[in-house]
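# Examination of the molecular architecture
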Amino acid sequence: MDRKQFRDLADPEVARETIASLDLAPESETVPLREARGRVLAGRVDADLDVPGFDRASVDGYALRAADTFGADEADPVAFRLVGEVHAGSEPDVEVGAGECAEISTGAVLPPGADAVVMVERTDPGDADEVLVRTSLAPGDRVMFAGADIAAGERALGPGTVVTAREVGLLSAIGVDEVPVRGVPTVGIVSTGDELVRPGDPLDSDTGQIYDVNSYTTATAVEEAGGEAKLYPHAGDDYDAMESALRTAAEECDLVLSSGSTSASAVDVIYRVVEETGELLLHGVAVKPGKPMLVGELAGSAYIGLPGYPVSALTIFRAFVAPAIRRAAGRPEPETATIEGRMAVRERYSEGRHRYMPAGLVTDGDGETLVYPVDKGSGATTSLVEADGIVSVPPDVEYLDSGESVEVALFSGDVRPPTLFGAGEDDPALSRLLDRVDRPRYLAVGSRQGRRRLRDGVTDVAVTTGDAAPGGVEFGGWTREWGLVVPAGNPAGVEGLPDLVDDDLRFINRTTDSGLRSTFDEAIEGLADERGDERRDLTDAIDGFELAVRAHESPARKVLAGEADAGLGLRATAETLGMGFVPCGTERVTVVADPERVEKPGVRRLRAAIDDGGTVFEELAGYRG
Ligand SMILES: Nc1nc2c(c(=O)[nH]1)N[C@H]1C(S)=C(S)[C@@H](COP(=O)(O)OP(=O)(O)OC[C@H]3O[C@@H](n4cnc5c(N)ncnc54)[C@H](O)[C@@H]3O)O[C@H]1N2
Ligand code: MOO
């Protein structure tokens, strides 16, 4: 095989073969039995003694010769002479002859001469040192013979066995206190990028800093695949920093995984580091996401470069890297849990790359599984959390039709569709109500998108302001007070919407998908009518009218950060954040369900939660149930 493929995007199969050609399997080792849980046996373990090591009583009773019990039954017992006793853990000092018996406890060595044990319950005391036996026995009854569990020389466990409590049980029984196990591949993780900050450290968003998602995510995924993750400090975006980080990791690990710096920009130099420090075998694969991945070797260690975008990095990891780590660790490929479903919507894609499409599941009113694409882009960490699995779409498929049957490879076998799937307005009361539903999924995409997804038959419920979604079953709702969120104490003395137009105030708006934004637009429209102005004149006069942010607290937070004087928001938000509030009105939030899905358990639960309301509305300033 020609292992170098730089110019064109490689076929995914070629990428898989190239990764398979890397050697990342560590040496086997021996570990104490107490530390063997979860490890994979590297070789066969044979028993070198019999278990049990002696003929053993299985019950408390009397050891005797079975032949002497012939004809005994409840009505007609046979008398035996008691000649001694044997306890577990001691060597018998008695021999059992014809017509004799010895008292014996469970687990004790069968005394010489005896070949069976009668349970104490089937006996009675007789005269003096006599025992009456009220049942007939066959030789071997209530006795476990030496080697019956496992015999010396027998195969106990084979290579590849994953050690769990059961295996520890057998190994303990045969006296093994150390086991040969496959080495755990050590995987060094080097994230690249000047902008990265470890979670827990302070973040300066103004300078473009972001929390490092890939280091911990990849480390967790490595451990899930059976490797040992070793985190290195992230490397800056220059050649020397990357070279030194990769070199150190390569010296200490079986596999080095980097993330970032794989693509086309001037700082994406990692391929040169690999080329010059080791060998670059492949750069670029015809998959989406994850096109710019790299495969190579570095100072005797295997190397894979993941793209910087978290979704791309994790998708590539799952598709290409995890199988290689499992192989190196000697772990079996997990049963892929898959589920068939029909596409809820049509999805187009035609870039000629094999696509790993994150997909969510929802059940319709008949319990049938529907599949919808979740694509918030490779840079959105919520893409994978909001999805349930991946639909693999070959490069020649240009679209998946609505209603078309597809197969979803679930992220794990225990993934289930949510009991309730909703979309619409971002609202704090709704968040609290959803806490009362078991495993709901809710996408705060705004009223407009909420209506659309309910109409498309994707979601079970829509949560909207203004007009309720048409054609649905109304579950009721609540009102919330909206207005302008200003700094505490309202230093600019803002009194209402007219001040936004007339005064020199920096304002932050909500995106047009949000229902609150529609309410605001109507109020501006009303103000324009009142003044006999064009709406446009008013909006042009508002400094920041076009500055729109996505979620319900976002404008207030910008005000809090000193970036604006007033933000569109809710009284509840101002209260929570300890800010000032200028009321402009109330608006109604309505929950509407797909008529075919009102009987789904999660949907019924939400309806009950709305009816009940409890303290939810009382606890939120400006809310009424
Ligand atoms: N002109 C082109 N630009 C891009 C192309 C292209 O073909 N031509 N490909 C795009 C694709 S596809 C991908 S995928 C990315 C891959 O980019 P890099 O691997 O070079 O990654 P960076 O540029 O360093 O980062 C991309 C993005 O991800 C953020 N990032 C990086 N590391 C982390 C981390 N550890 N945790 C969280 N987020 C991280 C980074 O800040 C960037 O926003 O390139 C496209 N561009
Ligand atoms: O390959 Mo990029 O990963 O398409 O987003």
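An unreviewed UniProt entry annotates the chain as Molybdopterin molybdenumtransferase of Natronomonas moolapensis.

### Quick look at the pairing of strand E9 (residues 130-133)
Burial along E9 is one-sided: the face carrying Val-131 and Val-133 is buried and the face carrying Glu-130 and Leu-132 is not. Relative to E9, strand E8 (residues 123-125) runs antiparallel, the two sharing three bridges. The residue bridging Pro-125 from the neighbouring strand is Val-131, located in E9. Hairpin connection from E8 to E9: four residues lie between these consecutive antiparallel strands, with Ala-128 at a positive phi of about 40 degrees.

### Considering the site of ligand 2
Neighbouring residues of ligand 2: Lys-288, Pro-289, Gly-290, Lys-291, Pro-292, Ser-312, Arg-353 and Ser-378. Within the side chain of Ser-378, a nitrogen or oxygen atom sits 2.6 Å from an oxygen atom of ligand 2. For the shell around ligand 2, a count of residues per class yields two nonpolar, three polar and three charged.

### Remarks on the site of ligand 1
Around ligand 1 lies a shell of 23 residues, among which Glu-195, Asp-212, Val-213, Thr-262 and Lys-291 are the nearest. Here Asp-212 contributes a side-chain N or O atom positioned 2.8 Å from a nitrogen atom of ligand 1. In the environment of ligand 1, an oxygen atom lies 2.9 Å from a nitrogen or oxygen atom belonging to the side chain of Lys-291. A total of 860 Å² of accessible area belongs to ligand 1 in isolation, and the protein chains cover 70% of it. The set of elements that each furnish at least two residues to the shell around ligand 1 consists of strand E15 (210-211) and helix H6 (310-329). Per-class residue counts for the shell around ligand 1 are nine nonpolar, ten polar and four charged.

### Describing empty space enclosed by the protein
On inspection of all chains with the given rule, the structure shows one cavity of 30 Å³ or more. The volume enclosed by the largest cavity comes to roughly 40 Å³. In terms of lining residues, the largest cavity is bounded by Glu-347, Arg-348, Tyr-349, Arg-355, Met-357, Val-393, Val-397, Glu-398, Tyr-399 and Leu-400. Secondary-structure elements contributing two or more residues to the lining of the largest cavity are strand E23 (347-348), strand E24 (354-363) and strand E27 (399-400). Class assignment of the residues belonging to the lining of the largest cavity gives a composition of six nonpolar, no polar and four charged.

### Observations regarding the sheet that holds strand E17 (residues 255-259)
With respect to topology, six strands assemble into an open sheet ordered E16-E13-E17-E21-E20-E18, the strand pairing being mixed. The open sheet has two free edges, formed respectively by strand E16 (228-231) and strand E18 (278-283), since each of these has just one partner strand. Pairwise comparison of adjacent strand axes, ignoring direction, gives a mean angle of 25 degrees for this sheet. As paired strands, E17 and strand E21 (residues 301-306) are joined by five bridges and run parallel to one another.

### Re helix H4 (residues 239-252)
Here H4 contains 14 residues, and its C-alpha end-to-end distance of 20 Å stays within 8% of the 20 Å for a straight helix at 1.5 Å per residue. Those residues of H4 hidden inside the fold are in contact with strand E13 (186-191), E17, helix H5 (270-277), strand E20 (294-298) and E21.

### Concerning the pairing of strand E36 (residues 580-593)
Both strand E31 (residues 461-465) and E36 contribute to a ladder of five bridges, which runs antiparallel. Bridge pairing in E36 links Ala-462 to Val-592. Both strand E32 (residues 473-486) and E36 contribute to a ladder of twelve bridges, which runs antiparallel. Bridge pairing links Glu-481 to Thr-586 in E36.

### Some remarks on the packing of aromatic side chains
One pass over the structure, following the stated rule, counts five aromatic pairs. Judged by centre distance (5.4 Å) and plane angle (35 degrees), the ring pair of Trp-478 and Phe-617 falls under tilted. Separated by 139 residues along the polypeptide, Trp-478 in strand E32 and Phe-617 in helix H16 (residues 616-619) bring together distant segments of the chain. Here the two residues Trp-478 and Phe-617 agree in accessibility, since each one is buried. Through a chain of ring-to-ring contacts, the aromatic side chains of Trp-482, Phe-507, Phe-520 and Phe-545 assemble into a single cluster. Note that Arg-346 overlies the ring of Tyr-399, its terminal NZ or CZ placed 3.9 Å from the centroid. Lying over the aromatic face of Tyr-349, Arg-355 brings its terminal NZ or CZ to 5.0 Å of the ring centre.

### A short note on the domain arrangement of the chain
By convention, interface size is frequently given as the accessible area that disappears when the constituent parts associate. Along its sequence, the chain is organised into domain 1 (8-24 + 185-329), domain 2 (29-51 + 149-181), domain 3 (56-144), domain 4 (338-417) and domain 5 (475-594 + 600-624). Using C-alpha coordinates to define each centre, domain 3 is positioned 69 Å away from domain 4.

### Things to note about unusual backbone geometry
For the bond running from Val-51 to Pro-52, omega is -10 degrees, close enough to zero to count as cis. By secondary structure assignment, the location of Pro-52 is in the loop between strand E2 (45-46) and strand E3 (56-57). Cis rather than trans, the peptide bond between Lys-288 and Pro-289 has omega equal to -5 degrees. Positioned with a positive phi, Arg-439 is a non-glycine residue whose angle comes to about 50 degrees. In this fold, Arg-439 is placed in the loop between helix H8 (428-434) and strand E30 (440-443).

### Thoughts on the layout of surface pockets
Estimated volume of the largest pocket: approximately 1200 Å³. Those elements that place two or more of their residues in the lining of the largest pocket are helix H1 (12-20), helix H3 (214-224), H6, E24, helix H7 (382-385), strand E26 (389-393) and strand E28 (405-410). Considering each element in turn, the lining of the largest pocket owes the most residues, eight residues, to H6. Of the residues belonging to the lining of the largest pocket, the class tally is 20 nonpolar, nine polar and eight charged.

### Quick word on the nonpolar core
In globular proteins that are soluble, nonpolar side chains generally tend to be buried together. If you look at the biggest cluster of nonpolar residues, it comprises 45 residues, and the most contacted ones within it are Trp-478, Leu-500, Phe-520 and Leu-606. Setting aside chain neighbours within four positions, we find Leu-606 in contact with Leu-420, Leu-433, Leu-434, Val-437, Val-461 and Val-591. Ala-221, Ala-313, Ile-325 and Ile-390 belong to the second-largest nonpolar core, a separate cluster that totals 35 residues.

### Some remarks on the confidence of the model for the chain
With 98% of its residues at a pLDDT of 70 or more, the chain has an overall mean of 94. When the criterion is pLDDT under 50, residues 1-6 qualifies, and its contacts beyond four places in sequence or with other chains add up to 18 contacts. Complex prediction metrics read pTM 0.85 and ipTM 0.97.

### Some remarks on the environment of Asp-46
Here Asp-46 is to be found in strand E2. Beyond its immediate stretch of four places on either side in the chain, Asp-46 contacts Glu-154, Arg-155, Ala-156 and Ile-174.

### Comments concerning the side chain of Arg-510
With respect to the helices and strands, the residue Arg-510 is situated in strand E33 (residues 507-510). Buried charge without a salt bridge: Arg-510, with Glu-425 as the nearest opposite-charge side chain at an N-O distance of 4.8 Å. Engagement of the side chain of Arg-510 in a polar contact is seen with the backbone oxygen of Arg-550, the distance being 2.9 Å. Setting aside its immediate chain neighbours within four residues, Arg-510 contacts Asp-426, Leu-516, Arg-517, Ala-548, Val-549, Arg-550, Ala-551, His-552, Pro-555 and Leu-568.

Thresholds applied
Residues numbered from 1 in each chain as written. Chains lettered and ligands numbered in written order. Predicted model: local features only at pLDDT ≥ 70, side-chain atom pairs only at ≥ 80, totals over all residues. Heavy atoms only, no water. Buried < 20%, exposed > 50% of the residue type's maximum accessible area, 1.4 Å probe, protein only. Helix = DSSP H or I, 4+ residues; strand = E, 2+ residues; numbered from the N terminus. Pairing = 2+ DSSP bridges. Near = heavy atom within 4 Å. Polar contact = N/O pair within 3.5 Å; in protein donor to acceptor, adjacent residues only side chain to side chain. Nonpolar A, V, L, I, M, F, W, Y, C, P; charged D, E, K, R; others polar. Areas by Shrake-Rupley, 256 points an atom, 1.4 Å probe, with all protein chains shown as cover. 1 Å grid on protein atoms, 1.4 Å probe; cavity = no way out; pocket = protein on both sides within 12 Å on 5 of 7 lines; lining within 4 Å. Points joined across faces, edges and corners; volume = space filled by probe spheres on them. Axes fitted to C-alpha atoms, helices over the stretch in contact; angles between N-to-C directions. Expected span 1.5 Å × (residues − 1). Contact = heavy atoms within 4.5 Å. Phe/Tyr/Trp six-rings, centres within 6.5 Å; stacked < 30°, edge-to-face > 60°. Lys NZ or Arg CZ within 6 Å of the ring centre and 35° of its normal. Domains from an automatic or database assignment. Core = buried A, V, L, I, M, F, W, Y, C linked by side-chain atoms within 4.5 Å. pLDDT = per-residue confidence, 0-100. Lys, Arg positive; Asp, Glu negative; His and termini not counted. Salt bridge = Lys/Arg side-chain N within 4 Å of Asp/Glu carboxyl O.

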